[in-house]
Amino acid sequence: MTGAGRRVPVGRIVGLSGVRGAVKLESWTDPRTRIFDYQPWLLVKAPGEETEVEGVTGREQGKGIVAVLPGVEGREQAAEWIGSDILVPREALPEPEDGTYYWCDLEGLEVVTVQGVPLGRVQHLFATGANDVMVVRGGGKEHLVPFVQETYVVSVDLEAKRIEVDWDPDF
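In this text, all values refer to a predicted model and were calculated from it rather than measured experimentally.

## Digging into the side chain of Q39
Okay, step 1: Among the structural elements, Q39 can be located in the loop between β2 (22-27) and β3 (41-46).
Okay, step 2: A polar contact of 3.0 Å, which involves the side chain of Q39, links it to the backbone oxygen of F36.
Okay, step 3: Looking at Q39, its side chain comes within polar contact range of the main-chain oxygen of V56, at 2.8 Å.
Okay, step 4: Look past the residues within four positions of Q39 in its chain and what remains in contact with it is E54, G55 and V56.

In structure tokens, the structure reads:
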């Protein structure tokens, strides 16, 4: 994963499976086994503690996902990776369909109202079940704007790094 490209979190190592060194994963891909399609992985244990791995294999097992990391043999070696975040290069992900966006592509974009009032920048997004919500910070305020296109989100311009919203700046 050379270069300074954007890295996208796609999961986390959360436990051990069996005695041969397999690990349990929490996957944030859809479907969850798609995590194996995006490689190489950058395993991040802590800031500055990063290891690139390629050739990870795995499968669904019960309600979870189990992976085998190349070069990891045995539970003790596998246990060292518990808690590691799994990141992949943004370029490893397929391009989204028209009108859909990866959250990582929206983070950092400037958000302005249809009247041209700047609200700030997208810090992150979260899911509510009904819709995703953008957390926009700027000018000492935080705005929680539902990411509902054509209702609140009027336009997204990734090239201009700007999102236009129909939102009351005082809310």
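Further notes follow.
## Details of the sheet that holds strand β9 (residues 118-127)
The strands making up a sheet associate through backbone hydrogen bonding, with each pair oriented either parallel or antiparallel.
Okay, step 1: Judged by pairing direction, the sheet is mixed, and its six strands sit side by side in the order β11-β10-β9-β8-β13-β12 without closing on themselves. The sheet is open, and its two edges are formed by β11 (141-146) and β12 (153-157), each paired on a single side. Across this sheet, the average inter-strand angle for adjacent strands is 30 degrees, counted without regard to direction.
Okay, step 2: Relative to β11, strand β10 (residues 132-138) is paired through six bridges, and the arrangement is antiparallel. Looking at the pairing, R137 lines up with E142 of β11.

## A few points about the pattern of salt bridges
Two side chains bearing opposite charge may form a pair once their charged atoms approach each other closely.
Okay, step 1: In total, this model carries nine salt bridges according to the counting rule given.
Okay, step 2: Note that D105 is salt-bridged to R6, the shortest N-O span being 3.8 Å. Taken together, the residues span a long stretch of sequence, with D105 in helix α2 (residues 103-106) and R6 in the segment before β1 (7-17) at a distance of 99 residues.
Okay, step 3: What makes D105 buried here is its relative accessible area of 16%.
Okay, step 4: Linking D105 and R90 is a salt bridge whose minimum nitrogen-to-oxygen distance equals 2.9 Å.

## Some points on the sheet that holds strand β5 (residues 57-61)
Okay, step 1: With antiparallel pairing, the seven strands of this open sheet are ordered in space as β4-β3-β7-β1-β2-β6-β5. Both edges of this open sheet fall to β4 (49-53) and β5, since each of them pairs with a single strand only. Between one strand and the next, the sheet's axes are offset by a mean angle of 35 degrees, whatever the strand orientation.
Okay, step 2: As defined by bridge partners, β1 adjoins strand β7 (residues 85-89) across five bridges and the pair is classed as antiparallel. Across the sheet, residue G11 finds its bridge partner in β7, namely I86.

## Describing the environment of G74
Okay, step 1: With respect to the helices and strands, the residue G74 is situated in the loop between β6 (64-68) and α1 (75-79).
Okay, step 2: Those residues within four positions of G74 in sequence are excluded, and the remaining contacts are V19, R20 and G21.

## Side note on a nonpolar patch on the surface
Okay, step 1: A cluster of nonpolar side chains, contributed by W103, F126 and L144, occupies part of the molecular surface with about 250 Å² of accessible area.
Okay, step 2: Secondary-structure assignment places F126 in strand β9.
Okay, step 3: Taking the relative accessible area as the measure of exposure, F126 reaches 32% and is therefore partly exposed.

Rules of the game
The residue numbering used here restarts from 1 in each chain and proceeds along that chain's sequence as written. Reporting in this predicted model follows two pLDDT cut-offs: at least 70 for local features of residues, and 80 or more for side-chain atom pairs to be given and counted; totals over whole chains, interfaces and linings ignore these cut-offs and use all residues. The side-chain numbers reported here are obtained from all heavy atoms of the structure, hydrogens and water having been left aside. Every helix listed is a DSSP run of H or I at least four residues long, and every strand listed is a run of E at least two residues long, numbered separately from the N terminus. Polar contact is defined as a pair of N or O atoms within 3.5 Å, subject to the rule that within protein one atom must be able to donate a hydrogen and the other to accept it, and that residues adjacent in sequence are counted only when both atoms are side-chain atoms. Residues are treated as being in contact if the distance between any of their heavy atoms lies within 4.5 Å. Strands are treated as partners if at least two bridges between them are detected by DSSP. Fitted lines through C-alpha atoms give the axes, limited to the stretch in contact for helices. The angle between two N-to-C directions lies from 0 to 180 degrees. The salt bridge definition used is simple: a Lys or Arg side-chain nitrogen within 4 Å of an Asp or Glu carboxyl oxygen. Burial classes follow relative accessibility: with a 1.4 Å probe on protein chains only, a residue under 20% of its type's maximum area counts as buried, one over 50% as exposed, and anything between as partly exposed. Put simply, a patch holds well-exposed residues, over 30% relative accessible area, that have no salt bridge, with like charges counted together within 9 Å and Val, Leu, Ile, Met, Phe, Trp or Tyr side chains within 5 Å. Methods summary: accessible areas were calculated by the Shrake-Rupley approach with a probe of 1.4 Å, and residue burial reflects only the protein chains presented.

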